Every structure is written in C-alpha cells, then in structure tokens.
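The residues making up each chain are set out below.
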Amino acid sequence: MSITNASLPFNESLIAAAPAAAGVFALWQGGGIVYYGRAATIRVALDEQLRARALGARGVTGCSWEVVADPESRHKELLSEYVAAHRCVPLWNDPQRLPTD
C-alpha cells in the first residue's frame, strides 16, 4: 500500500491486518491527511493512534501506510512534499495546531 493512495477505514480490523514492519503512515480526516507518522512497527503505531483518538481527538476517518527500510528519511520526505504543496505541515504534525478535545 502506498501512503499517497486513498485512505482505508481507520478501525481495529484494518489495524490488525496492517504490517508488522517498519514504515510510515498517514491519518486522514475529511479526505485529507492530518498527520504523518513513522514507526518501527506500523501495526503497533496505528493501534496506539487508535487508542489515543478514542480518548481524545476524534475525527480520523482513514489511514494509509508504506513499508520502508528507513522510516525517518521517508517521513522527512513526506513532510517536505506536503509543505511544498500546502505551505504548512499537516494539521497534527504542528504542535500548536493539535486538537484539544
């Protein structure tokens, strides 16, 4: 799966099927990416995000991911591409714009 493809439903059954491999992931809301993350294990990171969203910030409707050998470099690349296209980082990658509910 490519992180740039349309998102898949952000739910427990999808997360259970996510790869147990290193990579990057995106959280989607209303058809757009609101967060890019990197992970040693995509499945674990998505599960942590799902649990965190259940306790606080809601509204994540989808997710996508890429399995990559170097998540750190790919994460930086994704953020740079996003900034070039939108002139800002994704909403939840900016600490000052994090949801507070």
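See the structure shown above.
First, a word on what this report is: a plain description of the structure on this page. Because the structure is a prediction, the values reported are computed rather than measured.

## Structural notes on the overall build of the protein
Then, in step 1: Summing up its helical and strand segments, the protein has 3 helices and 4 strands in all.
Then, in step 2: For the protein, the proportion of its 101 residues judged to be buried stands at 41%.
Then, in step 3: Restricting to contacts in the protein with at least 6 residues of sequence separation, those with at least 24 account for 64%.
Then, in step 4: As displayed, the protein offers around 5,600 Å² of accessible surface, 53% of which is attributable to carbon and sulfur atoms.

## Structural notes on the sheet that holds strand E3 (residues 32-39)
Then, in step 1: Taking strand neighbours across the sheet as the criterion, the 4 strands line up as E1-E4-E2-E3 in an open arrangement whose pairing is antiparallel. The open sheet is flanked by strand E1 (8-9) and E3, the only strands paired with a single partner.
Then, in step 2: Pairing of strand E2 (residues 23-29) with strand E4 (residues 62-67), which is carried by 6 bridges, proceeds in the antiparallel orientation. Of the residues in E4, the one forming a bridge with Gly-23 is Val-67.
Then, in step 3: In the packing of helix H3 (residues 71-86) onto the sheet, the strands contacted are E2, E3 and E4, and the crossing angle to E3 comes to about 160°.

## Quick word on the environment of Ser-73
Then, in step 1: Within the secondary structure, Ser-73 is located in helix H3.
Then, in step 2: By relative accessible area, which is 42% here, Ser-73 ends up partly exposed.
Then, in step 3: Between the alpha carbons of Ser-73 and Val-24 there is a distance of 9.7 Å; along the sequence they are 49 residues apart.

## A word on the nonpolar core
Then, in step 1: In terms of nonpolar packing, the biggest core is built from 16 residues, with Phe-10, Phe-25, Leu-27, Leu-46, Cys-63 and Trp-65 touching the most fellow members.
Then, in step 2: When contributions to this core are tallied by element, the ones reaching two or more residues are helix H1 (12-17), E2, E3, helix H2 (42-55) and E4.
Then, in step 3: A total of 4 residues in this core trace back to one element, the largest contributor, which is H2.
Then, in step 4: If sequence neighbours within four positions are ignored, Cys-63 has contacts with Ser-7, Leu-8, Pro-9, Phe-10, Leu-14, Ala-26, Leu-27, Trp-28 and Leu-46.
Then, in step 5: With 10 residues, the next largest nonpolar core counts Val-24, Leu-78, Leu-79 and Tyr-82 among its residues.

## Quick notes on the pattern of salt bridges
Then, in step 1: One pass over the full model with this rule turns up 7 salt bridges.
Then, in step 2: Between Arg-74 and Glu-77 there is a salt bridge, with the nearest N and O atoms lying 2.2 Å from each other. Remark: Glu-77 and Arg-74 occur in helix H3; sequence separation between them is 3 residues, near one turn of the helix.
Then, in step 3: Assessed through its relative accessible area of 15%, Arg-74 is described here as buried.
Then, in step 4: Among the residues examined, Glu-77 registers a relative accessible area of 40% and is labelled partly exposed.
Then, in step 5: Close ionic contact of Glu-81 with Arg-74 constitutes a salt bridge, the shortest N to O distance being 3.9 Å.
Then, in step 6: Since its relative accessible area comes to 42%, Glu-81 is described here as partly exposed.

What counts, and at which threshold
- Residues numbered from 1 in each chain as written.
- Predicted model: local features only at pLDDT ≥ 70, side-chain atom pairs only at ≥ 80, totals over all residues.
- Heavy atoms only, no water.
- Helix = DSSP H or I, 4+ residues; strand = E, 2+ residues; numbered from the N terminus.
- Buried < 20%, exposed > 50% of the residue type's maximum accessible area, 1.4 Å probe, protein only.
- Contact = heavy atoms within 4.5 Å.
- Areas by Shrake-Rupley, 256 points an atom, 1.4 Å probe, with all protein chains shown as cover.
- Pairing = 2+ DSSP bridges.
- Axes fitted to C-alpha atoms, helices over the stretch in contact; angles between N-to-C directions.
- Core = buried A, V, L, I, M, F, W, Y, C linked by side-chain atoms within 4.5 Å.
- Salt bridge = Lys/Arg side-chain N within 4 Å of Asp/Glu carboxyl O.

Any functional reading would require information beyond the geometric quantities listed.
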